[in-house]
Amino acid sequence: MPDTLRLALLGCGAIARYHLDGIKERVPRIQVSAVIDLDRAKAEKFAAETGAKVFTSLDQAIDQGEFDAVDIMLPHDLHERCALQAFAAGKHVLLEKPMAPTLEGCARILAAAKKAGTVFMMAENAQYWPEIVKAQEVIQNGDLGEIITARAAFVCEFDEYWFKEKKPWRYEQSRAGGGITIDGGSHWMRPLRMWLGEIDELVAVTGHPLKQMEGESLVRALFRFQSGAVAGFDALMVATAMGPEPWWRITGTKGELVIDGSFGGGIRLYDAQHRQGRTLMEPQGYAKSFGPELEDFARAVLDGKTLDAGPEQALGELRIALAIYRSATSRQWEKVWA
Ligand SMILES: NC(=O)c1ccc[n+]([C@@H]2O[C@H](COP(=O)([O-])OP(=O)(O)OC[C@H]3O[C@@H](n4cnc5c(N)ncnc54)[C@H](O)[C@@H]3O)[C@@H](O)[C@H]2O)c1
């Protein structure tokens, strides 16, 4: 087996920065050998850091580049076409979420991955987010007792990170497949699934406070898990200053675990011995999830390791998003897996 994974970065935008930093920090066995972006200047920036060859399309890179795997970090409407093309060329694929904006698109990607027989991983970084992983350990150890409920709040002030371009693809329903639920929402849903199991049904209301975005920028939802537990899921992006709010709370019979509402992170535990709370984990944060994510991908390709979460797992977040959209219209509880 080769000892180095030659990787092409497809899309050198916002999230590519985190992927590349994760590689540099933690995965010396990945060699970025191709950087691809429609916008040549963006690709050149990444090339200057990596020594990779620059391309402005996947076609061109497949014809002329040398790489074993593609890390697809593109607007959602391009995921299916590029994943199918990469699999047809025999490449391993790491794909940013959502797999595709529709279940039919996901089924075609999964079929292509199976046919190619290469590694296919969905880049759901929450699976590797240090605070989320630590909370999972605490729950599994029984330190919170029996889990009563949880709350996830994806609250984000509208800023340049999300909307750098003049006409960002995220504004457009047809490109993004929805609003903040199908986009960043997945990183708040995966933790709930890791901690509480699968969601059976949900009820949701959506709104559009961010006028420039076609998709929803407000969600208030209630999830009922197969276990019978319920959890709240909020998502909000507004151009207003907002006060602090934890990103997650998990309440059990022995106490409550609170994950700080910032990209910095950190966990505090409140229990009978520590009514004012004690620090369970110093801030690690969102950015620290990308190194282990890329490492898992490299190990799957180079060492044959089983992925921490197979690609089908990501269908769960898409199904939740689609059920939220159905519920917002029907005003009824909607089944997630029906
Ligand atoms: N894991 C996370 O926390 C997280 C955060 C943000 C975004 N994402 C995901 O990453 C993906 C990209 O989002 P982003 O925020 O980086 O977007 P972005 O707009 O910042 O970057 C996308 C890049 O793709 C390039 N591009 C567009 N069409 C192309 C084409 N046909 N060929 C080559 N390049 C093309 C653009 O020029 C741009 O540089 C999405 O799937 C998004 O949901 C994940």
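Look a little higher up for the structure.
Residues numbered from 1 in each chain as written. Predicted model: local features only at pLDDT ≥ 70, side-chain atom pairs only at ≥ 80, totals over all residues. Heavy atoms only, no water.

A. Spotlight on unusual backbone geometry. Put simply, Lys97 and Pro98 share a cis peptide bond, and its omega is -15°. If you trace the backbone, Pro98 turns up in the loop between strand S5 (92–96) and helix H5 (103–116). Residues other than glycine seldom take positive phi values, yet Arg331 does so here, at roughly 60°. Relative to the helices and strands, Arg331 resides in the loop between helix H10 (314–330) and strand S15 (334–335). With a relative accessible area of 74%, Arg331 lands in the exposed category. (Helix = DSSP H or I, 4+ residues; strand = E, 2+ residues; numbered from the N terminus. Buried < 20%, exposed > 50% of the residue type's maximum accessible area, 1.4 Å probe, protein only.)

B. Just the pairing of strand S14 (residues 274–281), in detail. Here strand S13 (residues 267–271) runs beside S14; their pairing, made up of 4 bridges, is antiparallel. If you follow Leu269 over to S14, its bridge partner there is Arg278. If you look at the hairpin formed by S13 and S14, you'll find 2 residues sitting between the two strands. (Pairing = 2+ DSSP bridges.)

C. Region of the structure containing the side chain of Glu96. Topologically, Glu96 is positioned in strand S5. Within the structure, the side chain of Glu96 is placed 2.8 Å from the side chain of His19, a separation counted as a polar contact. Those residues in contact with Glu96, other than ones at most four positions away along the chain, are Ile15, His19, Ile72, Met73, His79, Met122, Ala123 and Phe290. (Polar contact = N/O pair within 3.5 Å; in protein donor to acceptor, adjacent residues only side chain to side chain. Contact = heavy atoms within 4.5 Å.)

D. Fine view of the nonpolar core. By size, the foremost hydrophobic cluster in this structure holds 116 residues, and its most contacted members are Val35, Phe120, Trp195, Phe223, Phe233 and Ile324. No other element matches H10, which puts 8 residues into this core. Both domain 1 (5–118) and domain 2 (127–288 + 318–335) contribute no fewer than three residues apiece to this core. For Trp195, the contacting residues outside a window of four places in its chain are Ile132, Ala135, Gln136, Ile139, Trp248, Ile250 and Ile259. (Core = buried A, V, L, I, M, F, W, Y, C linked by side-chain atoms within 4.5 Å. Domains from an automatic or database assignment.)

E. View of the sheet that holds strand S12 (residues 255–259). In spatial order, the strands read S14-S13-S12-S11-S7-S10-S9-S8-S15; together these 9 strands make up an open sheet with mixed pairing. The outermost strands of the open sheet, each flanked by one partner alone, are S14 and S15. Of the strand pairs in this sheet, strand S7 (residues 147–157) and strand S11 (residues 248–252) are connected by 5 bridges, and their pairing is antiparallel. Across the sheet, the residue bridging to Ala152 is Trp248, located in S11. H10 rests against strand S8 (199–207), strand S9 (218–225), strand S10 (230–238) and S15 of the sheet, and its axis sits at about 60° to S8. (Axes fitted to C-alpha atoms, helices over the stretch in contact; angles between N-to-C directions.)

F. View of the sheet that holds strand S3 (residues 53–55). With parallel pairing, 6 strands are arranged side by side in an open sheet as S3-S2-S1-S4-S5-S6. For this open sheet the edge positions go to S3 and strand S6 (120–123), each flanked by a neighbour on one side alone. The sheet shows a mean angle of 25° between the axes of neighbouring strands, taken without regard to direction.

G. Spatial organisation of the site of the ligand. Close contacts around the ligand come from 25 residues, with Asp37, His76, Lys97, Trp169 and Tyr286 the closest. For the ligand, a nitrogen atom lies 2.8 Å from a polar atom in the side chain of Asn125. A distance of 2.9 Å is found between an oxygen atom of the ligand and a side-chain nitrogen or oxygen belonging to Arg170. Across the complex, the protein chains shield 91% of the 840 Å² of accessible surface that the ligand would expose by itself. (Near = heavy atom within 4 Å. Areas by Shrake-Rupley, 256 points an atom, 1.4 Å probe, with all protein chains shown as cover.)

H. Structural detail: the packing of H5 against H10. The interhelical angle for the contact between H5 and H10, taken along N-to-C directions, is 165°, at an axis separation of 11 Å. Here H5 is positioned roughly antiparallel relative to H10, judged by the angle of their axes. The interaxial crossing formed by H5 with H10 has left-handed handedness. Residues Leu103, Cys106 and Leu110 of H5 form the contact with H10, whose own contacting residues are Leu315, Leu318, Arg319 and Leu322. Per-class residue counts for the contact of H5 with H10 are 6 nonpolar, no polar and 1 charged. (Parallel < 35°, antiparallel > 145°, perpendicular 65-115°, else oblique. Left-handed = near helix turned anticlockwise from the far one by under 90°. Nonpolar A, V, L, I, M, F, W, Y, C, P; charged D, E, K, R; others polar.)

I. Spatial organisation of the pattern of salt bridges. Applying the stated criterion to the full structure yields 26 salt bridges. A salt bridge links Glu49 to Lys24; the shortest N-O distance between them is 2.3 Å. Taken as a pair, Glu49 in helix H2 (residues 40–50) and Lys24 in helix H1 (residues 14–26) lie far apart in primary sequence, 25 residues in all. By relative accessible area, Lys24 is classed as partly exposed at 49%. Where salt bridges share partners, they join Asp3, Arg29, Arg299 and Asp303 into one cluster. (Salt bridge = Lys/Arg side-chain N within 4 Å of Asp/Glu carboxyl O.)

J. Fine view of the environment of Ala52. The residue Ala52 is located in the loop between H2 and S3 in this model. Sequence spacing of Ala52 and Arg6 is 46 residues, and the spatial spacing of their C-alpha atoms is 9.9 Å. Every residue in contact with Ala52, bar those within four places of it in the chain, is listed here: Val32, Ser33, Ala34, Val35 and Ala47.

K. Here's a closer look at the side chain of Glu256. Within the secondary structure layout, Glu256 lies in strand S12. Among the polar contacts listed, one links the side chain of Glu256 to the side chain of Thr251, at a separation of 2.7 Å. Residue contacts for Glu256: discarding those within four places in its chain leaves Leu144, Arg151, Arg249, Ile250, Thr251, Arg268, Leu269 and Tyr270.

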